[in-house]
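The lines below spell out each chain.
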Amino acid sequence: DGIRDCLLSRGLGDVYKRQAQAVAWASRQFGIPSTIFMPEYASKIKIQATRSYGAEVVLSPTRDESDAKVLNASRDEDVYWLPPFNNKQVIAGQGTATLEALEKLKFVDAVFAPCGGGGLLSGALITARQLCPSAKVIGAEPLNANDAVQSVRLNSIQRSGCRDAAKHLRAFSDYLLNIKDSTDD
């Protein structure tokens, strides 16, 4: 049952990272339409990948506008919202990446995870504390997109600078895709 219970009649997400493709893929597997809300500055590659799995992608100028749109859409009784982070099931699912690694390695000195929205880092921390309590868990993020560090320092959620950083990261990922495409010929 699991995913069928979660995706009801229309899956809905407000993500612009890896979860967008996961929601779109899972929705397609079960024949359930999905809608993903993203800011316009999301990576073109991620937008294209999400669409290729069959999701409708709704773009907004800012992350705040995407969040507002997904909140409004989630009020429909036929919709199940799958938040990208700050959700117990998402954190538990994200923790399986660390679980698989620690089951294989048995012991590590440290676990590194991207900060992102916090789901993967939270899952890594919870899992590492259970399986390898002495391991340090370290959150990582680009210096030019260090909104997690700024949020901790200022004791409030920060998103400043993310648009500019996202443009640079998007340009880099698009550049790598072009290299791959040109070497495939």
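Quick summary incoming for the structure in this document. (Residues numbered from 1 in each chain as written. Predicted model: local features only at pLDDT ≥ 70, side-chain atom pairs only at ≥ 80, totals over all residues. Heavy atoms only, no water.)

## Describing the overall build of the protein chain
In step 1: Helix and strand content of the protein chain: eight helices and six strands.
In step 2: Overall, the protein chain shows an N-to-C arrangement of helices and strands of α-β-α-β-α-β-α-β-α-β-α-β-α-α.
In step 3: Within the span of the protein chain, comprising 185 residues, buried residues form 37% of the whole.
In step 4: Excluding contacts between residues fewer than 6 apart, the proportion of contacts in the protein chain whose partners are at least 24 apart in sequence is 58%.
In step 5: As displayed, the protein chain offers around 11,400 Å² of accessible surface, 55% of which is attributable to carbon and sulfur atoms. (Helix = DSSP H or I, 4+ residues; strand = E, 2+ residues; numbered from the N terminus. Buried < 20%, exposed > 50% of the residue type's maximum accessible area, 1.4 Å probe, protein only. Contact = heavy atoms within 4.5 Å. Areas by Shrake-Rupley, 256 points an atom, 1.4 Å probe, with all protein chains shown as cover.)

## Observations concerning helix α5 (residues 88-105)
In step 1: End to end, α5 covers 26 Å across 18 residues, agreeing with the expected 26 Å (1.5 Å per residue, within 8%).
In step 2: Where α5 bends most, the angle comes to about 25°, and this point is Ala97.
In step 3: For α5, every residue scored as buried is listed here: Val90, Ile91, Gly95, Thr98 and Leu102.
In step 4: Along its buried surface, α5 packs onto β5 (110-114) and α6 (119-131).
In step 5: For α5, the N-terminal cap is Asn87; the gap from its side-chain oxygen to the backbone nitrogen of Gln89 is 3.0 Å. (Expected span 1.5 Å × (residues − 1). Bend = angle between axes of the 7 residues up to and from the residue. Polar contact = N/O pair within 3.5 Å; in protein donor to acceptor, adjacent residues only side chain to side chain.)

## Some words on the packing of α5 against α6
In step 1: Relative orientation of the contacting elements α5 and α6 amounts to 50°, with a least axis distance of 7 Å. Considered as vectors, α5 and α6 are oriented oblique to each other. The crossing of α5 and α6 is right-handed. Here α5 contributes Ile91, Gln94, Gly95, Ala97, Thr98, Leu99 and Leu102 to the contact with α6, which in turn contributes Gly119, Leu120, Ser122, Gly123, Ala124, Ile126, Thr127, Ala128 and Leu131.
In step 2: For the contact of α5 with α6, the residue count by class is nine nonpolar, seven polar and no charged. (Axes fitted to C-alpha atoms, helices over the stretch in contact; angles between N-to-C directions. Parallel < 35°, antiparallel > 145°, perpendicular 65-115°, else oblique. Left-handed = near helix turned anticlockwise from the far one by under 90°. Nonpolar A, V, L, I, M, F, W, Y, C, P; charged D, E, K, R; others polar.)

## Digging into the pairing of strand β2 (residues 34-39)
In step 1: Counted residue by residue, β2 has six buried out of six residues, so it is predominantly covered.
In step 2: Judged by which residues are buried, β2 turns out to be covered on both faces: Ser34, Ile36 and Met38 on one side and Thr35, Phe37 and Pro39 on the other are all buried.
In step 3: Sheet analysis places β2 next to strand β3 (residues 56-60), joined by five bridges and oriented parallel. Counterpart to Pro39 in the pairing with β3 is Ser60. (Pairing = 2+ DSSP bridges.)

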